[in-house]
Amino acid sequence: MSTAEGLRAVVDLRSDTVTQPGSAMRRAMAEADVGDDVYGEDPTVNELERRSAELLGKEAALFVSSGTQGNLIGLLSQTTRGDEIICGDASHTFVYESGGAAALGGIHPRTLRNQSDGTLALRDIVAAIRPKDVHHPPTRLISLENTFRGRPLPPAYLEEVGEIAETHGLKMHLDGARLFNAAVASDVEVRDLVRRFDTVTFCLSKGLGAPVGSVLCGTRGVIDQARRWRKMLGGGMRQGGVLAAAGLLALDEGIERLVEDHRRARALAEGFEQRVELNVAGCHTNMVFADVPVAWGPRIADDLRERGVLISLGARLGDVVRSRFVLHRDIDDNGVERALEAFVELAKEHRAERPSATS
Ligand SMILES: *Cc1c(COP(=O)(O)O)cnc(C)c1O
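Residues numbered from 1 in each chain as written. Predicted model: local features only at pLDDT ≥ 70, side-chain atom pairs only at ≥ 80, totals over all residues. Heavy atoms only, no water.

Novice: Residue-level account of the overall build of the protein chain, with values.
Specialist: A count of helical and extended segments in the protein chain gives 14 helices and 13 strands. Against the compact-globule benchmark of 21 Å for 359 residues, the protein chain has a radius of gyration of 22 Å, which places it among compact chains. Taking the principal axes of its C-alpha atoms as reference, the protein chain extends roughly 70 × 55 × 35 Å. Burial statistics for the protein chain: of 359 residues in total, 51% are counted as buried. Long-range contacts, defined as pairs at least 24 residues apart, comprise 74% of the intrachain contacts of the protein chain with a sequence gap of at least 6. Total accessible area computed for the protein chain in this model is approximately 16700 Å², and 49% of it derives from carbon and sulfur atoms. Between the centroid of the 44 positive side chains of the protein chain and the centroid of its 52 negative side chains there is a distance of 3 Å. (Helix = DSSP H or I, 4+ residues; strand = E, 2+ residues; numbered from the N terminus. Rg over C-alpha atoms; globule rule 2.2 N^0.38 Å. Buried < 20%, exposed > 50% of the residue type's maximum accessible area, 1.4 Å probe, protein only. Contact = heavy atoms within 4.5 Å. Areas by Shrake-Rupley, 256 points an atom, 1.4 Å probe, with all protein chains shown as cover. Lys, Arg positive; Asp, Glu negative; His and termini not counted. Charge placed at Lys NZ, Arg CZ, Asp CG, Glu CD.)

Novice: Any chance you could break down the site of the ligand for me, citing the residues and the numbers?
Specialist: If you check the shell around the ligand, you find Ser 66, Gly 67, Thr 68, Asn 71, His 92, Glu 97, Glu 145, Asp 175, Ala 177, Arg 178, Cys 203 and Lys 206 and nothing else. Taking Thr 68, its side chain carries an N or O atom lying 2.6 Å from an oxygen atom of the ligand. The contact in question runs from an oxygen atom of the ligand to an N or O atom on the side chain of Lys 206, over 2.7 Å. The residue makeup of the shell around the ligand, split by class, is 2 nonpolar, 5 polar and 5 charged. (Near = heavy atom within 4 Å. Polar contact = N/O pair within 3.5 Å; in protein donor to acceptor, adjacent residues only side chain to side chain. Nonpolar A, V, L, I, M, F, W, Y, C, P; charged D, E, K, R; others polar.)

Novice: How would you sum up the pattern of salt bridges? Please name residues and give values.
Specialist: One pass over the full model with this rule turns up 26 salt bridges. Salt-bridge contacts for Asp 36 lead to Arg 238; the nearest nitrogen and oxygen are separated by 3.2 Å. Of this pair, Asp 36 sits in the loop between helix 2 (23-30) and helix 3 (43-56) while Arg 238 sits in the loop between helix 11 (220-232) and helix 12 (241-274), and the two are 202 residues apart along the sequence. Exposure remark for Asp 36: the relative accessible area of 14% places this residue in the buried category. One salt bridge in this structure joins Arg 322 and Asp 291, with 2.8 Å as the shortest N-O distance. Separated by 31 residues along the polypeptide, Arg 322 in strand 13 (residues 320-326) and Asp 291 in strand 10 (residues 287-293) bring together distant segments of the chain. A residue is classified by how much of its surface remains accessible, and Asp 291, at 7% relative accessible area, is buried. Taken together, the shared-partner salt bridges in this structure form one network comprising Glu 159, Glu 163, Glu 166, Arg 195 and Arg 196. (Salt bridge = Lys/Arg side-chain N within 4 Å of Asp/Glu carboxyl O.)

Novice: Can you explain a nonpolar patch on the surface? Please cite residues and give values.
Specialist: Among the surface-exposed residues, Phe 94, Val 95 and Tyr 96 lie close enough to one another that they form a single nonpolar patch of about 310 Å² accessible area. Taking the relative accessible area as the measure of exposure, Val 95 reaches 42% and is therefore partly exposed. (Patch = residues over 30% accessible without salt bridge, like charges linked within 9 Å, V, L, I, M, F, W, Y side chains within 5 Å.)

Novice: Which residues make up the packing of aromatic side chains, and what values do they have?
Specialist: Throughout the structure, instances matching the rule amount to 5 aromatic pairs. A centroid spacing of 4.9 Å and a plane angle of 70° characterise the contact between Phe 272 and Phe 343, whose relative ring orientation is edge-to-face. Taken together, the residues Phe 272 in helix 12 and Phe 343 in helix 14 (residues 333-353) connect sequence positions 71 residues apart. The class of Phe 343 is buried, set by a relative accessible area of 0%. (Phe/Tyr/Trp six-rings, centres within 6.5 Å; stacked < 30°, edge-to-face > 60°.)

Novice: Which residues make up the sheet that holds strand 7 (residues 199-203), and what values go with them?
Specialist: The pairing of strands in a sheet happens through backbone hydrogen bonds and is either parallel or antiparallel. Overall, mixed pairing links the 7 strands, which are arranged 2-8-7-6-5-3-4 in an open sheet. With one partner strand each, in any of the chains shown, strand 2 (60-64) and strand 4 (108-112) form the two edges of the open sheet. Across this sheet, the average inter-strand angle for adjacent strands is 20°, counted without regard to direction. Sheet topology note: the strand 2/strand 8 (residues 214-218) ladder contains 5 bridges and is antiparallel. Its bridge partner being in strand 8, Ala 61 is matched across the sheet by Cys 217. (Pairing = 2+ DSSP bridges. Axes fitted to C-alpha atoms, helices over the stretch in contact; angles between N-to-C directions.)

Novice: Report on the layout of surface pockets, specifying residues and quantitative values.
Specialist: In this structure, the largest pocket spans a volume of roughly 870 Å³. Elements with a contribution of two residues or more to the lining of the largest pocket: helix 4 (67-76), strand 6 (171-176), strand 9 (279-283), strand 10 and strand 13. For the lining of the largest pocket, the element with the highest residue contribution is helix 4, accounting for 3 residues. Here the residues of the lining of the largest pocket are counted per class, giving 8 nonpolar, 18 polar and 9 charged. (1 Å grid on protein atoms, 1.4 Å probe; cavity = no way out; pocket = protein on both sides within 12 Å on 5 of 7 lines; lining within 4 Å. Points joined across faces, edges and corners; volume = space filled by probe spheres on them.)

Novice: Which residues make up the sheet that holds strand 12 (residues 312-317), and what values go with them?
Specialist: Spatially, 4 strands are ordered 9-10-13-12 in an open sheet, and the strand pairing comes out antiparallel. The sheet is open, and its two borders are formed by strand 9 and strand 12, each paired with just one other strand. On average, each strand axis in the sheet is tilted by 25° relative to the strand beside it, whichever way the strands run. Bridge count for strand 12 against strand 13 is 4 bridges, and the pairing is antiparallel.

Novice: So what about the side chain of Lys 206? Which residues, and what values?
Specialist: With respect to the helices, strands and loops of the structure, Lys 206 is situated in the loop between strand 7 and strand 8. Here Lys 206 occupies a buried position and makes no salt bridge, while the nearest side chain of opposite charge, Asp 16, is found at 5.7 Å. Among residues more than four places away in sequence, those in contact with Lys 206 are Asp 16, Thr 17, Thr 19, Ala 177 and Arg 178.

Novice: Provide a residue-level description of the environment of Ala 245, including the pertinent values.
Specialist: Note on placement: Ala 245 falls in helix 12. For the pair formed by Ala 245 and Gly 99, sequence separation is 146 residues and the distance between their alpha carbons is 31 Å. If we skip the residues at most four places from it in the chain, Ala 245 touches Ala 28, Met 29, Ala 32 and Thr 44.

Structure below.
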């Protein structure tokens, strides 16, 4: 078995970022028509940007290196130093993007508690909007995330936030790293889901299966600004068409396929409940959140790795570790079954070790 096949035989539930480009995608990359994208001359990048904008119902789009870069540029393009943005206290932008908006943009984040369904309470948003006063940083923008921890935000909620933004003259940015999972799960056209947002980032490199890249979409004016910010951040790519070709294939073939990941996530969740007796805390798209007993010991992840299953453990909550398991194109039905078998074995071993209460 080659190394690549060896890697693929592993059931990697850590993230949907781990997918390997298949042979059709590698071929599309090898054969891409390319040019210098900083001159605007890469036909494949231009096509990816055109297609992305069309899909989201926006005027223009910009191919960027990552979701983090897309969010940062989206915010930089719509604020000036000292502006305040409203975002979730558990949002990716606030927690996991190295504080780039503050460090590089002088943007003042006003965090509101993310509710368990990922929303920011409407009354909290309204209360956070600053009155015009020399003492306050001006509130400029509301930033939301969809899906949030694998949960699609209710489409009606997005409309309500849009109303608030409109009333108060605020911009709206969406971190839609897994936007298409949200659209598929909500059974709503993606363009309708993002109607209220001035800028939207989505990742090609997660469930859609491309190796690299994200896209920022918005109005022509904002995307022109964004192109300048991307250059300033060192994100101007040259023959980027090699990567954009994978992105185009991801859009062509990756979106429809997401229902498979969602179906397999439900199968994994059911197996966890029925065969492993784990508490499942949530399963809405391609992610399962389940509680692994602390009593299984500190080596759980290693024990699973030895059985060909990769997981990452989450945060301890009392006597369990709430962990995230992510389905993606490199896990088929057989992979789900193999993961469940590994968990069943571990559960059995643990029960055998545990002294019975009745004996
Ligand atoms: C992955 C992710 C990002 C950023 O993506 P990178 O490409 O890893 O920079 C942003 N937001 C959310 C919700 C994500 O899951």
